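Listed below, chain by chain, are the residues.
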Amino acid sequence: VEEEIRNLEQGFREELGSISTLEALGVLRIKYLGRKGKIAEYFQKLALVEPGQRPGMGKLLNILKETVASHLAEKEKNLSLTKAVSGTEAPDVSLPGISYAVGGKHILTQVIDEIAAIFYHLGFISADGPEVETEYYNFTALNIPAEHPAHDTFNTFYLDFRNKDRYLLRSQTSTVQIRVMEKYKPPLRIISPGKVYRPDATDAAHSFMFHQVEGFAVDEGVRFSDLKGTLFAFAQKFFGQDIKMRFRPHYFPFTEPSVEVDISCIICANRKPTTANRECSVCHGKGWLEILGAGMIHPNVLRTVGYDTRRYTGFAFGMGVERMAMLKYGIDDIRLFFENDLRFLNQF
Ligand code: PHE
């Protein structure tokens, strides 16, 4: 019988070890300590044992009863604690882990990186310039005199009216042309991505802040055909090999001649403008999409930075990054770029 009691204890320990809920623990308690439980069963058997052995056996059973009770209490304490801490009774190691959202590059950063990479392969390196500028860099040095109506086409946020050379938020990245040329001599092949600001009412096509990529090259013998070749190579890489490109005469104070550059509609024109679709939501049947402004750098601009205009010529261009992204990915509202809605951002 002594042997049986030891086996009983062994069995209890094994069962206890496999228990992970308070409910199961309750069942185990009844199985061993209940009125009809295993230990009670043995106390009844005492009556059948030889009287001389009863006290010893009784003692063994009492010790077992105490041991079982204290183990049950201990286990109950542990299970309640786990439940309080984790909300569940015991960790389920088979559950999938918690995965944390990993950040990614904003679509505009991706597009800027892509544009910069294409121009890098064409020999252009990246330069930076301040967003808070003076009238000199935003206008005067770019051949836009203070009273000139061209001022109005680059509507501007002014920051400080008291200062003689007024501070403003740059309305174009062409400012970086001046800053780079002031500092370095030709040959130069530079692109400069960055934010620009214009006090436009916000709608699907306008934002008071957007991004441009400026580009320019200055060297001996730089010609308009270099501008055409550079921009065409870029557009083919960015939009696809089969696009067509056209140059329309335009006016910018800091370039002469100046052009606006279009590519064949990448949605409807099957990249050939002759097949343009009137219903097309991107080009509205025109078959062409304007992608940037460009031209040969005006001699006045080169003179302003002290370059010898008999020796050096250059071209410059400026494109809107949001516009490039909208055309390439079929995005129809510029506000989507700045709302930080993950349902939009996660698509890229
Ligand atoms: N700065 C012009 C704009 O913001 C773009 C441009 C840049 C045009 C360089 C010609 C040359 O509209």
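Residues numbered from 1 in each chain as written. Predicted model: local features only at pLDDT ≥ 70, side-chain atom pairs only at ≥ 80, totals over all residues. Heavy atoms only, no water.

(A) Local environment of the overall build of the protein. A tally of helices and strands in the protein yields twelve helices and ten strands. Radius of gyration (C-alpha) of the protein: 40 Å, far over the 20 Å computed for a compact globule of 348 residues. C-alpha atoms of the protein, sized along the principal axes, occupy 130 × 55 × 40 Å. When the 348 residues of the protein are sorted by exposure, 42% land in the buried category. Long-range contacts, defined as pairs at least 24 residues apart, comprise 67% of the intrachain contacts of the protein with a sequence gap of at least 6. Per element, the accessible surface of the protein, about 19800 Å² overall, is 53% carbon and sulfur. Charged side chains in the protein number 42 positive and 43 negative. The centres of these two groups are separated by 2 Å. (Helix = DSSP H or I, 4+ residues; strand = E, 2+ residues; numbered from the N terminus. Rg over C-alpha atoms; globule rule 2.2 N^0.38 Å. Buried < 20%, exposed > 50% of the residue type's maximum accessible area, 1.4 Å probe, protein only. Contact = heavy atoms within 4.5 Å. Areas by Shrake-Rupley, 256 points an atom, 1.4 Å probe, with all protein chains shown as cover. Lys, Arg positive; Asp, Glu negative; His and termini not counted. Charge placed at Lys NZ, Arg CZ, Asp CG, Glu CD.)

(B) Looking closely at a nonpolar patch on the surface. Taken together, the side chains of Val132, Leu159 and Tyr167 make up a nonpolar region of the molecular surface, amounting to roughly 260 Å² of accessible area. Its location among the elements puts Leu159 in strand β3 (residues 157-160). (Patch = residues over 30% accessible without salt bridge, like charges linked within 9 Å, V, L, I, M, F, W, Y side chains within 5 Å. Salt bridge = Lys/Arg side-chain N within 4 Å of Asp/Glu carboxyl O.)

(C) Up close: the sheet that holds β3. As summarised here, the arrangement of the three strands in space is β2-β4-β3, forming an open sheet in which the pairing is antiparallel. Single-partner strands in this sheet number two, and they are β2 (132-134) and β3. Averaged over all pairs of adjacent strands, the angle between their axes in this sheet comes to 40°, without regard to strand direction. Sheet analysis places β3 next to strand β4 (residues 167-169), joined by three bridges and oriented antiparallel. Paired with Tyr158 across the strands is Leu168, a residue of β4. (Pairing = 2+ DSSP bridges. Axes fitted to C-alpha atoms, helices over the stretch in contact; angles between N-to-C directions.)

(D) The arrangement of the pattern of salt bridges in detail. Scanning the entire structure with this criterion turns up 16 salt bridges. One salt bridge in this structure joins Glu4 and Lys45, with 3.9 Å as the shortest N-O distance. Taken as a pair, Glu4 in helix α1 (residues 2-17) and Lys45 in helix α3 (residues 38-45) lie far apart in primary sequence, 41 residues in all. Given a relative accessible area of 34%, Lys45 falls into the partly exposed group. In this structure, Arg335 and Asp333 form a salt bridge, with 2.8 Å as the shortest nitrogen-oxygen distance.

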